[in-house]
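Here is how the chains run, residue by residue.
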Amino acid sequence: MNLVEISRLSVVLGQQTVLSNVDLSITPGEIVTIVGPNGSGKSTLLRAIIGAVTPAHGRITRQPGLRIGYVPQKLHIDPTLPLTVRRFLGLPTPVPEPAAQAALTRAGAGDLMTRPMTGLSGGQFQRVLLARALLGDPQLLILDEATQGLDQPGSAAFYATLETVRHELDCAVLMVSHELHVVMAASDRVICLNTHVCCHGAPEHVASAPEYRALFGSGTHGALALYRHEHDHVHDETCGHDHDHSHEPAQ
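These numbers come from a predicted model, not from an experiment.

A. How the structure looks around the confidence of the model for the chain. Mean pLDDT over the chain works out to 86, with 86% of the residues at or above the 70 mark. Below pLDDT 50 for its whole length, residues 240-251 participates in 32 contacts with residues either more than four positions away or in separate chains.

B. Geometry of the packing of aromatic side chains. This structure, assessed with the given rule, holds 1 aromatic pair. When the ring centre of F88 is taken as reference, the NZ or CZ atom of R132 above it lies at 4.7 Å.

C. Seen up close, unusual backbone geometry. Residue L91 is joined to P92 through a cis peptide bond whose omega torsion reads -5 degrees. Examined against the element boundaries, P92 turns out to sit in the loop between α2 (85-89) and α3 (97-106). Positive phi values are uncommon outside glycine, yet D137 reaches one of about 50 degrees. Relative to the elements of secondary structure, D137 occurs in the loop between α4 (122-134) and β6 (140-144). Judged by its relative accessible area of 39%, D137 falls in the partly exposed class. If you check the backbone angles, T195 has positive phi at about 75 degrees while not being a glycine.

D. The arrangement of helix α5 (residues 152-169) in detail. In this model α5 runs 26 Å from its N-terminal to its C-terminal C-alpha over 18 residues, within 8% of the 26 Å that 1.5 Å per residue would give. All of the buried residues along α5 are S155, F158, Y159, T161, L162, V165, R166 and L169. Projected onto a plane normal to the axis of α5, the buried residues spread over an arc of 155 degrees and lie on a single side. Relative to its buried face, α5 has exposed residues pointing more than 90 degrees away, namely P153 and H167. In this structure, the buried side of α5 is in contact with β3 (31-35), α3, α4, β6, β7 (172-176) and α6 (180-186). Its side-chain oxygen 2.8 Å from the backbone nitrogen of G154, D151 forms the N-cap of α5.

So, how was this worked out
- Residues numbered from 1 in each chain as written.
- Predicted model: local features only at pLDDT ≥ 70, side-chain atom pairs only at ≥ 80, totals over all residues.
- Heavy atoms only, no water.
- pLDDT = per-residue confidence, 0-100.
- Contact = heavy atoms within 4.5 Å.
- Phe/Tyr/Trp six-rings, centres within 6.5 Å; stacked < 30°, edge-to-face > 60°.
- Lys NZ or Arg CZ within 6 Å of the ring centre and 35° of its normal.
- Helix = DSSP H or I, 4+ residues; strand = E, 2+ residues; numbered from the N terminus.
- Buried < 20%, exposed > 50% of the residue type's maximum accessible area, 1.4 Å probe, protein only.
- Expected span 1.5 Å × (residues − 1).
- Arc of directions from axis to C-beta.
- Polar contact = N/O pair within 3.5 Å; in protein donor to acceptor, adjacent residues only side chain to side chain.

Here is the structure:
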């Protein structure tokens, strides 16, 4: 059974159509990445899946009792708050010390328990957010530009952690990212979004698709070859050649 099944999803914010007739399914254990230009509706799609945005049309079906962990794009913490990593993980629901330590260790931040949140580097902060998302033992981990602001080695290390988490928890990972070459290597399936689904499938397929190249250029295909790892399973691949690409800019 799919963890999430989305059928003909449309979202309207104000007077603007942000998502139009999006179909998407997420199966257990896979890593799916959503790529697309700014304003293409990527973050809105994630927010719709977690229930923070109400669709105008279409349907989102979640597996009953589905446990979702969410890592937001940005999180501002008042620098005047004396908030340690341990206290942060216990908000708003207290978390036993062993569970907090286990989540931090799994996220690659096992030595940060007593550190102040405001003293963390960008990479450390993102790993703490990942640990927080792992506290509920998620079946689906959703990340919105989780490596934004990190350098390339930091991003690669973070994606390697996600690969380990996926195997240890047997959870699916759905993420949005702008780092095309690294994301392509880390993904089982890529969805190219520009208000609607332009193209989707295995990374090699998407990287060579005309729709993808029209949005990002052909240079990313060469970068893909440098980072791609092998998979032992096959995904359905579809290119939406019959889609109308004339949409209003999305938020």
